[in-house]
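The residues making up each chain are set out below.
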Amino acid sequence: MTRLMMLTLLIVCPTLALAEDPPKPSGPSPEAVEFAKKTADALLAAKVVIYKASYTPTGWVAKEVPSVEGTATVGDQSKNKIDAFMVNVKIRKTDSEDVVELSAGSDGNEYFLIDAKAKTCYKDLDPAVLGAQGRNLQRIVLRDFAAPEPLANVIKSGEIELRGDVKIGSEDCRELYMKHRDTGTAVWAVSKKDFLPRKVTRLIKNDQGEATTELLISDLVVNPQFVKSPFEMVCPEGFKKTDDFAP
């Protein structure tokens, strides 16, 4: 009898069933999009930044990519669409205690590498002048600081989700999950104070399994004043200068 009454109610009042199981909203929440837009605006307003950073791979990525720590200065892209940057880094492979120390950068036109061990300064228009460590040198450079339209693709057509609160150093942050077909999947820990990232975790998954890379940012200084450009190579006295590519 009870079953018959329930069937009758559902036929007569179908809205009862809908009330118990409301449809899920499609697309990211307005709050998540608004938070991402504030982050994009803060990145765009940061014309030059200086920070300390550590880059740490996990899982199968750690077998192929070294850990990197150091300082970075990042500026806007030049008219040639080349990021202006300057880094001083220590590079160490996961299975080695050997540390490679190098300085490198670009003024938005030419690239340069300063190798203190070899007492040589390499400089050329071709980024290959940075040598075999070229990619590793730039792993602590968060290119979103230099982008002319930061986070534009993910805000327009990606997945965005606000997650929990997290403390990064002394900064109270909110986690922002972002996924886009061009830039992959990442979770940013964004400061609630200035809407700039303090940690960027990229999520990587393939047939080898799941892995991550983590860029941790500290001592962030936004729009400092300089007497001269921080992106010009200053070759120490007594060092050899060359346009040959670094080994």
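As shown above, the structure is provided for reference.
Residues numbered from 1 in each chain as written. Predicted model: local features only at pLDDT ≥ 70, side-chain atom pairs only at ≥ 80, totals over all residues. Heavy atoms only, no water.

Novice: Break down the environment of Leu142 for me, with residues and values.
Specialist: Mapped onto the secondary structure, Leu142 falls in the loop between α4 (134-137) and α5 (152-157). When the C-alpha atoms of Leu142 and Phe85 are compared, they prove to be 10.0 Å apart, with 57 residues separating the residues in sequence. Beyond its immediate sequence surroundings of up to four residues, Leu142 is in contact with Tyr51, Val74, Pro197, Val200, Arg202, Leu215 and Ile217. (Helix = DSSP H or I, 4+ residues; strand = E, 2+ residues; numbered from the N terminus. Contact = heavy atoms within 4.5 Å.)

Novice: Residue-level account of the nonpolar core, with values.
Specialist: Residues Tyr51, Ile140 and Phe145 are the most contacted members of the largest nonpolar core, which totals 52 residues. When residues of this core are assigned to their parent elements, the largest contribution, 6 residues, is made by helix α3 (residues 30-45). Excluding its chain neighbours within four sequence positions, the residues that come into contact with Tyr51 are Gly70, Thr71, Ala72, Val74, Ile140, Val141, Leu142, Phe145, Ile217, Ser218, Asp219 and Leu220. (Core = buried A, V, L, I, M, F, W, Y, C linked by side-chain atoms within 4.5 Å. Buried < 20%, exposed > 50% of the residue type's maximum accessible area, 1.4 Å probe, protein only.)

Novice: Describe the state of the cysteines, and please don't skip the residues or the numbers.
Specialist: Here the structure, examined in full by the defined rule, presents 1 disulfide. Between the sulfur atoms of Cys121 and its disulfide mate Cys235 the distance is 2.1 Å. With the S-S bond torsion at 95 degrees, the cross-link from Cys121 to Cys235 turns out right-handed. Of this pair, Cys121 sits in strand β6 (residues 120-124) while Cys235 sits in the loop between β11 (209-222) and β12 (240-242), and the two are 114 residues apart along the sequence. (Disulfide = S-S within 2.5 Å.)

Novice: Give a description of the pairing of strand β4 (residues 100-106) that names residues and reports values.
Specialist: Summarising burial for β4: 5 of the 7 residues are buried, a large majority. Judged from the 7 bridges that link them, strand β3 (residues 83-92) and β4 form a sheet pairing that is antiparallel. Across the sheet, residue Val87 finds its bridge partner in β4, namely Ala104. Linking β4 to strand β5 (residues 111-115), which pair antiparallel, is a turn of 4 residues; within it Gly108 sits at a positive phi near 90 degrees. (Pairing = 2+ DSSP bridges.)

Novice: Describe the pairing of β3, with residues and values.
Specialist: Counting buried residues along β3, 7 of its 10 residues qualify, which places the element largely inside the surrounding structure. Of the strand pairs in this sheet, strand β2 (residues 67-77) and β3 are connected by 9 bridges, and their pairing is antiparallel. The residue bridging Thr71 from the neighbouring strand is Asn88, located in β3. Between β2 and β3, which pair antiparallel and follow one another directly, the connecting turn spans 5 residues, one of which, Lys81, has a positive phi of 60 degrees.

Novice: Describe in detail the packing of aromatic side chains, supporting the description with residues and values.
Specialist: Counted according to the given criterion, the structure contains 2 aromatic pairs. Residues Tyr51 and Phe145 carry aromatic rings whose centres are separated by 5.9 Å and whose planes lie at 35 degrees to one another, so their mutual orientation is tilted. Highlighted residues: Tyr51 in strand β1 (residues 48-57) and Phe145 in the loop between α4 and α5, separated in sequence by 94 residues. When its relative accessible area of 1% is taken as the criterion, Tyr51 is described as buried. (Phe/Tyr/Trp six-rings, centres within 6.5 Å; stacked < 30°, edge-to-face > 60°.)

Novice: Lay out the sheet that holds β11 with the relevant residues and their values.
Specialist: A sheet is described by the order of its strands in space; here 12 strands give the open sequence β7-β8-β9-β10-β11-β1-β2-β3-β4-β5-β6-β12, paired in mixed fashion. Both outer strands of the open sheet, β7 (159-168) and β12, are each paired with one neighbouring strand and no more. The average undirected angle you get between the axes of adjacent strands in this sheet is 20 degrees. (Axes fitted to C-alpha atoms, helices over the stretch in contact; angles between N-to-C directions.)

Novice: Describe the side chain of Ser191, naming the residues involved and giving the relevant values.
Specialist: Tracing the backbone shows Ser191 in strand β9 (residues 184-191). For Ser191, the side chain forms a polar contact with the side chain of Glu171, separated by 2.8 Å. Here the side chain of Ser191 touches Lys193 through a polar contact of 3.1 Å, landing on its backbone nitrogen. Once you skip the residues sitting within four places of it in the chain, Ser191 turns out to touch Glu171, Asp172, Cys173, Leu196 and Arg198. (Polar contact = N/O pair within 3.5 Å; in protein donor to acceptor, adjacent residues only side chain to side chain.)

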